[in-house]
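# Analysis of the macromolecular model
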Amino acid sequence: MMASPTLRAARAVALPLLCLAALAASTPSPAQAPAAQADPLPSWNEGAPKKAILDFVKRVTTPGSPDFIPAEERIATFDNDGTLWPEQPIIQGAFVLWQLQKRVAKDPALKQKPAVKAALDGDLESLTRAGEKAVMELFAITSANLTDEQFDQEVREFFQTSKHPKLGVPYTQLAYKPMVELLEYLRANGFRTYISSGGGIDFMRAVSQQMYGIPPEQVIGSSLKKEFKEQNGKSVLWRKPEPGAVNDKETKPVNIDLHIGRRPVLAAGNERSSGDIAMLEYSQGREGPSLQLLINHDDAQREFAYQEKDNASLNAARAHGWTVVSIQKDWKTVFP
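Computed from a predicted model, the values in this text were never measured in an experiment. (Residues numbered from 1 in each chain as written. Predicted model: local features only at pLDDT ≥ 70, side-chain atom pairs only at ≥ 80, totals over all residues. Heavy atoms only, no water.)

### Quick notes on the overall build of the protein
Short version of the rule: In DSSP terms, a helix is any run of H or I states spanning at least four residues, a strand is any run of E spanning at least two, and both are numbered starting from the N terminus. Exposure was quantified through the Shrake-Rupley algorithm and a 1.4 Å probe, taking into account, for residues, occlusion by the shown protein chains and nothing else.
Each helix and strand counted, the protein has 14 helices and eight strands in total. Carbon together with sulfur atoms contributes 51% to the accessible area of the protein, which is approximately 15,000 Å² in total.

### Some thoughts on the environment of Ala-144
Rules: Contact definition: two residues touch when any of their heavy atoms are within 4.5 Å.
Along the chain, Ala-144 falls in the loop between helix H6 (132-142) and helix H7 (148-161). Residues within four places of Ala-144 in sequence aside, it is in contact with Phe-139, Leu-224, Arg-239, Lys-240 and Pro-241.

### As for the pairing of strand S5 (residues 234-243)
Look at any regular strand and the pattern is simple: side chains alternate between the two faces of the sheet. For clarity, the threshold we go by: The criterion for strand pairing is that DSSP finds at least two bridges linking the strands in question.
Judged from the seven bridges that link them, strand S4 (residues 224-231) and S5 form a sheet pairing that is antiparallel. Looking across to S5, one finds that Lys-226 is bridged to Arg-239.

### Concerning the packing of aromatic side chains
Heads up, the condition is: For Phe, Tyr and Trp, where Trp contributes only its six-membered ring, two rings pair if their centres lie within 6.5 Å, and the inter-plane angle classes them as stacked under 30 degrees, edge-to-face over 60, or tilted in between. Burial status follows relative accessibility: with a 1.4 Å probe on protein chains alone, a residue under 20% of its type maximum counts as buried, one over 50% as exposed, and anything between as partly exposed.
Applying the stated criterion across every chain, the model contains 15 aromatic pairs. Where Phe-95 meets Phe-203, the ring centres are 5.1 Å apart and the plane angle is 35°; that geometry is what we call tilted. Of this pair, Phe-95 sits in helix H3 (residues 91-106) while Phe-203 sits in helix H9 (residues 201-205); the two residues are 108 residues apart in sequence, bridging distant segments of the chain. A relative accessible area of 0% means that Phe-95 is categorised as buried. On the numbers, 6.3 Å between centres and 45° between planes, the contact of Phe-158 with Phe-203 is tilted. Linking Phe-158 in helix H7 with Phe-203 in helix H9, this pair joins segments that are 45 residues apart in sequence.

### A look at the pattern of salt bridges
Operational definition: A pair is scored as a salt bridge if a Lys or Arg side-chain nitrogen falls within 4 Å of a carboxyl oxygen belonging to Asp or Glu.
The tally for this structure, following the rule as stated, stands at 22 salt bridges. One salt bridge in this structure joins Arg-286 and Glu-73, with 3.6 Å as the shortest N-O distance. Of this pair, Arg-286 sits in the loop between helix H12 (277-284) and strand S7 (291-296) while Glu-73 sits in the loop between helix H2 (48-61) and strand S1 (75-78), placing them 213 residues apart in sequence. Classification of Arg-286 by relative accessible area gives buried; the value is 15%. Given the relative accessible area of 28%, Glu-73 is considered partly exposed. Measuring nitrogen to oxygen at the nearest pair gives 3.8 Å for the salt bridge that ties Lys-225 to Glu-242. Remark: Glu-242 occurs in strand S5 and Lys-225 occurs in strand S4; sequence separation between them is 17 residues. With relative accessibility at 40%, the residue Lys-225 sits in the partly exposed group. If you follow the salt bridges from partner to partner, you end up with Lys-102, Arg-103, Glu-154 and Glu-157 in one network.

### Comments concerning the packing of H2 against helix H8 (residues 177-188)
Helix-helix packing is described using two parameters, namely the angle between the two axes and the distance between the axes. Put simply, the rule reads: Interaxial angles span 0 to 180 degrees and are taken between N-to-C directions of axes, which are lines fitted to C-alpha atoms, for helices over the stretch in contact. Throughout, the term roughly parallel applies to angles under 35 degrees, roughly antiparallel to angles over 145, roughly perpendicular to angles from 65 to 115, and oblique to all others. Throughout, a crossing is termed right-handed when the near helix is turned clockwise from the far one, and left-handed when it is turned anticlockwise from it by less than a right angle. Amino acids are sorted into nonpolar (Ala, Val, Leu, Ile, Met, Phe, Trp, Tyr, Cys and Pro), charged (Asp, Glu, Lys and Arg) and polar (every other residue, Gly among them).
Put simply, H2 and H8 touch, their axes get as near as 11 Å, and they point 15° apart. On the basis of the axis angle, H2 is roughly parallel to H8. In this structure, H2 meets H8 at a crossing whose hand is right-handed. Between H2 and H8, the contacting residues are Ile-53, Leu-54 and Val-57 on the first element and Leu-182, Tyr-185 and Leu-186 on the second. Tallied by class, the residues present in the contact of H2 with H8 amount to six nonpolar, no polar and no charged.

### Some details on the pairing of strand S2 (residues 192-200)
Among the nine residues that make up S2, seven are buried, leaving the element largely enclosed by the rest of the structure. Here S1 runs beside S2; their pairing, made up of four bridges, is parallel. Bridging from a neighbouring strand, Thr-77 pairs with Tyr-194 of S2. Where S2 lies against strand S3 (residues 219-222), three bridges are found, and the strand directions are parallel. Looking at S3, one finds that Ser-196 is bridged to Ile-220.

This is the structure in structure tokens:
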């Protein structure tokens, strides 16, 4: 039986929160031909993935090429967690934990709530037993019952004051350098770059321009329901403690169509939870040329090494002929 949207949203919040708690206890002007550049991907090692990217961009942007794609159709979609920045821990999970700590500091009685105590203690077993109701309680305490402006202010404060617990630098310094180069290379060649991620849409929009050069209107993500109302004489959007869109797995292609109206000619995701398979399949299903990239987290020294238990994403990459990018082998540099 398919899980309800509320349950799927609850799971999406619970996993990153608990991972963190345990660890802590632009639209460009169209270009008709490839931009001249000595090496547009200097942080990539020479190899099959880099060659596949360069060859693809050249083929689809060269007028007269049998694979030429008009600029208006050059859509590229990227997952965020694990594709553009790390997901150990998931950064929005770190933000939720940071919010809980702030709320408890102001109102110590909150820690008496079993869900709050379990989250702060990294008690996965208790939160699992409590189920959806507990996670929605955390939703209400942290990300709901705020205006959009209040939530945005908290997100920006988090990014200004918080650092990665292992790497020791601000999260805003953790965009993968090779992927930022890829985004810039694509835009220089007339592509429009979008994020399509299971992360919170408003959370990502606060930093997408700064970190990736992707404007807020080109970010697709999960969201809470909102309502328009008057507050203190001003019109606001009020964040309700109810899940709205859950942008994960098979929902990603649906939301890409809703927000963009075109299939991406290039799509990039990563292996971890099989969350990007559908988006890459959707890209590959278009008529004409396309390219799919899957980031393989296999570098425990410079980043993190982890795999899916069922290996679903890497198996899908082999079955469909997608380009697998090894962080260990294909990236000279991981972070700026």
